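The chain contents come next:
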Amino acid sequence: MSEINANGALSADPSARYYVRDHHPENGTLLGFWIYLMSDCLLFAGLFAAYAVLGRNYAGGPSGAELFDLPTVALNTAFLLLSSITYGFAMIASQRKNLKATIVWLLITGAFGLCFLYLELDEFLHLIHEGAGPQRSAFLSSFFALVGTHGLHVTFGSIWLVTLCFQLAKHGLTPENNRRLMCLSMFWHFLDVIWIGVFTFVYLMGVLP
């Protein structure tokens, strides 16, 4: 390997070695994840815009006022908002270096997420059984696209959460795992914010005449 000698010239020295102390740039992962979240914002902005345009095109089919069960949707919303609170407790436990409490709070968060997904899937199956599938009208197509995309994100987030629990159990609260906890925290809270928009814009406004 070549090195620079005292005269400024390159000289070949097979014993020369170059070591990099840290290959990971400081805050590089968080910056990259913020960029990803911004791209996800554009995705959901497009889906919200499509629903705003198509949300009243019923094609002679049922409207949101006829289909939506607000008490069930409110319960679903509570599950997701509670999961955000429990994730906050997991972050507090990780900052206190309490590994066991961190994993427990993450598992509780995952349980709330699974409850949310169960109710959402049950709603989709009920609508399809009633003949109100995504092919029925433009309103239902945009509804399934928006709500279903959010549900897929919650599914992937839940898988990520379970994977992170295994990593924490095996390696502990290492700097790498703390960084992953922070990224998942941003992702999970982002999904909460999106769902508040869905609940307000799709469900609450959808039951209005």
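I will try to describe carefully the structure that is included in this document. As the structure is a prediction and not an experimental result, all values here were calculated from the model. (Residues numbered from 1 in each chain as written. Predicted model: local features only at pLDDT ≥ 70, side-chain atom pairs only at ≥ 80, totals over all residues. Heavy atoms only, no water.)

**Regarding empty space enclosed by the protein**
In step 1: Evaluation of the coordinates by the stated rule reveals 1 cavity of 30 Å³ or more.
In step 2: Quantified by volume, the largest cavity comes out at close to 40 Å³.
In step 3: Around the largest cavity, the lining residues are T72, V73, N76, L119, E123, W195 and Y203.
In step 4: Listing elements by their share of the lining of the largest cavity, those giving two or more residues are α3 (70–95), α4 (99–129) and α6 (175–206).
In step 5: At 3 residues, the largest contribution of residues to the lining of the largest cavity is made by α3.
In step 6: Grouping the amino acids of the lining of the largest cavity by side-chain chemistry returns 4 nonpolar, 2 polar and 1 charged. (1 Å grid on protein atoms, 1.4 Å probe; cavity = no way out; pocket = protein on both sides within 12 Å on 5 of 7 lines; lining within 4 Å. Points joined across faces, edges and corners; volume = space filled by probe spheres on them. Helix = DSSP H or I, 4+ residues; strand = E, 2+ residues; numbered from the N terminus. Nonpolar A, V, L, I, M, F, W, Y, C, P; charged D, E, K, R; others polar.)

**Notes on the nonpolar core**
In step 1: Formed by 48 residues in total, the largest nonpolar core has its most connected members in F143, W195, V198 and Y203.
In step 2: Of all the secondary structure elements, the ones that give two or more residues to this core are α1 (28–54), α3, α4, α5 (138–171) and α6.
In step 3: Looking at which element gives the most residues to this core, the answer is α6, with 14 residues.
In step 4: In this structure Y203 touches F68, L70, V73, E123, F143, V147, W195 and V198, once residues within four positions along its chain are discounted. (Core = buried A, V, L, I, M, F, W, Y, C linked by side-chain atoms within 4.5 Å. Buried < 20%, exposed > 50% of the residue type's maximum accessible area, 1.4 Å probe, protein only. Contact = heavy atoms within 4.5 Å.)

**Here we look at α3**
In step 1: The end-to-end C-alpha separation of α3 is 38 Å, in line with the 38 Å expected for 26 residues at 1.5 Å each.
In step 2: Taken from the residues just after α3, K97 is the one with a positive phi, measuring 65°. (Expected span 1.5 Å × (residues − 1).)

**Some points on the side chain of E123**
In step 1: Here E123 lies in helix α4.
In step 2: Here E123 occupies a buried position and makes no salt bridge, while the nearest side chain of opposite charge, R56, is found at 15 Å. (Lys, Arg positive; Asp, Glu negative; His and termini not counted. Salt bridge = Lys/Arg side-chain N within 4 Å of Asp/Glu carboxyl O.)

**Examining the packing of α3 against α4**
In step 1: α4 packs onto α3 with a crossing angle of 165° between their chain directions and a minimal axis gap of 8 Å. With respect to α4, the element α3 is oriented roughly antiparallel. Here α3 runs over α4; the crossing is left-handed.
In step 2: Residue composition of the contact of α3 with α4, grouped by class: 17 nonpolar, 7 polar and 2 charged. (Axes fitted to C-alpha atoms, helices over the stretch in contact; angles between N-to-C directions. Parallel < 35°, antiparallel > 145°, perpendicular 65-115°, else oblique. Left-handed = near helix turned anticlockwise from the far one by under 90°.)

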